[in-house]
Amino acid sequence: MSSEKEIKRVTTKTLYLLKKKGIKISALTAYDFITAKILDESGIDVILVGDSLGNVFQGNDTTLPVTMDEMIYHTKAVAKAVSRAMIVVDMPFMSYQLSADEGFRNAGRIMKETSAGAVKLEGGVRVAETIKKITSAGIPVMAHVGLTPQSIYLFGSYRERGRDEDEAEEILRDAAAVEQAGAFAIVLEKIPASLAKRITESVAIPTIGIGAGIYCDGQILVTPDMLGLNIDFHPRFVRHYAKLADEITGAVKDYIEDVKQKKFPSEEESY
Ligand code: KIV
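The next thing to look at is the packing of aromatic side chains. Within the structure shown, the criterion is met by 1 aromatic pair. Here Arg 161 stacks its cationic end above the ring of Phe 155, 3.8 Å away from the centre of that ring. Positioned above the aromatic ring of Tyr 215 is the side chain of Lys 197, whose terminal nitrogen or guanidinium carbon lies 5.5 Å from the ring centre.

In many reports, interface size means the accessible area that the parts give up when they come together. Taken domain by domain, the chain holds domain 1 (4-240) and domain 2 (244-271). One C-alpha centre belongs to domain 1, the other to domain 2; they are set 39 Å apart.

The subject of this paragraph is the pairing of strand β3 (residues 86-90). Most of β3 sits out of view: 5 of its 5 residues are buried. Neither face of β3 is left uncovered, since the one carrying Met 86, Val 88 and Asp 90 and the one carrying Ile 87 and Val 89 both have all their residues buried. In this sheet, β3 lies alongside strand β2 (residues 46-49) in parallel orientation, the contact comprising 4 bridges. The residue of β3 that forms the bridge with Ile 47 is Ile 87. Strand direction decides the pairing type here: β3 and strand β4 (residues 118-122), joined by 3 bridges, are parallel. Across the sheet, the residue bridging to Asp 90 is Lys 120, located in β4.

For the structure on display, the rule yields 14 salt bridges. Linking Glu 167 and Arg 159 is a salt bridge whose minimum nitrogen-to-oxygen distance equals 3.5 Å. Assessed through its relative accessible area of 13%, Glu 167 is described here as buried. Glu 167 is the partner of Arg 161 in a salt bridge, and the nearest nitrogen-oxygen pair spans 3.1 Å. Pair check on accessibility: Arg 161 and Glu 167 agree, each one buried. Through salt bridges that share partners, Asp 69, Arg 109 and Glu 113 make up one connected network.

It is worth spelling out the sheet that holds β3 at this point. Spatially, β1-β2-β3-β4-β5-β6-β7-β8 is the arrangement adopted by the 8 strands of the closed barrel, whose pairing is parallel. Looking at each pair of strands side by side, their axes are set apart by 25° on average, direction ignored. Two strands pair when backbone bridges link them, and strand β1 (residues 25-29) and strand β8 (residues 218-221) are joined in this way by 4 bridges, in the parallel orientation. Across the sheet, Ile 25 pairs through a bridge with Gly 218, a residue of β8. The sheet strands contacting helix α5 (residues 100-113) are β3 and β4, and the helix crosses β4 at an angle near 145°.

Right, let's talk about the pairing of β2 for a bit. On β2, burial covers both faces: Val 46 and Leu 48 on one face and Ile 47 and Val 49 on the other are all buried. Across 3 bridges, the pairing between β1 and β2 is parallel. Counterpart to Leu 28 in the pairing with β2 is Ile 47. In this region the chain leaves β1, passes through helix α2 (residues 33-42) and returns to the parallel neighbour β2; the handedness of that crossover is right-handed.

Conventions adopted
- Residues numbered from 1 in each chain as written.
- Predicted model: local features only at pLDDT ≥ 70, side-chain atom pairs only at ≥ 80, totals over all residues.
- Heavy atoms only, no water.
- Phe/Tyr/Trp six-rings, centres within 6.5 Å; stacked < 30°, edge-to-face > 60°.
- Lys NZ or Arg CZ within 6 Å of the ring centre and 35° of its normal.
- Domains from an automatic or database assignment.
- Buried < 20%, exposed > 50% of the residue type's maximum accessible area, 1.4 Å probe, protein only.
- Helix = DSSP H or I, 4+ residues; strand = E, 2+ residues; numbered from the N terminus.
- Pairing = 2+ DSSP bridges.
- Salt bridge = Lys/Arg side-chain N within 4 Å of Asp/Glu carboxyl O.
- Axes fitted to C-alpha atoms, helices over the stretch in contact; angles between N-to-C directions.
- Contact = heavy atoms within 4.5 Å.
- Right-handed = clockwise from strand over helix to strand, strands pointing away.

This is the structure in structure tokens:
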């Protein structure tokens, strides 16, 4: 049953149409109910339950320790808050690298146990078979090429990818391969804007950039980074839209002071 008040969900088709119309796609990460609710009510198009939660939520140096159970736990909380945005869930390290069948099984588990709309996995040519298998079961897949953090030990650093022509050609081949395999969108991470432009113009599916310049069809940032909560992390591609760490520090200091000075709670705040 549909009612006039029903909110229209963002789907893969919506994103495709946004690209076609030249309207940019907005995306942010969320790992919990309250943040997801704020993002959704603000009108964000895509909420990614990113494995970046391994860094910003769990305090790890890399995303590698994140497990399937943790991704599912966080996605369930996010899904309860969201009525419009498309929820995309990162497939964690080693949930799809072993084989296409293993990836297929784990993508199915994410879709069955959460209310997500899609999964995301990292890689290009080497994961094309897995993407084909997952999409053949009707599960939308967002791909992720360029700097892929689950391969950090292979790359050796978080420097941008695709600066030299060989690496740029490899990333172009990766983008073509994931589109061919059936991905509905591609995250382009930390590559030159000129390369992101070439990719964006060469694929029919939307590209969503992070540190990939203005020509992508959309942009994504890690929410605690853009809100200025993660103050020790400020690469040049992150714009701080707020300074929440400062705000929270001020609020907590005020609270401590009030408690110590017996100014909180007041009579009105007591029963
Ligand atoms: O895990 C994540 O948050 C991501 C974004 C950086 C795209 O993959």
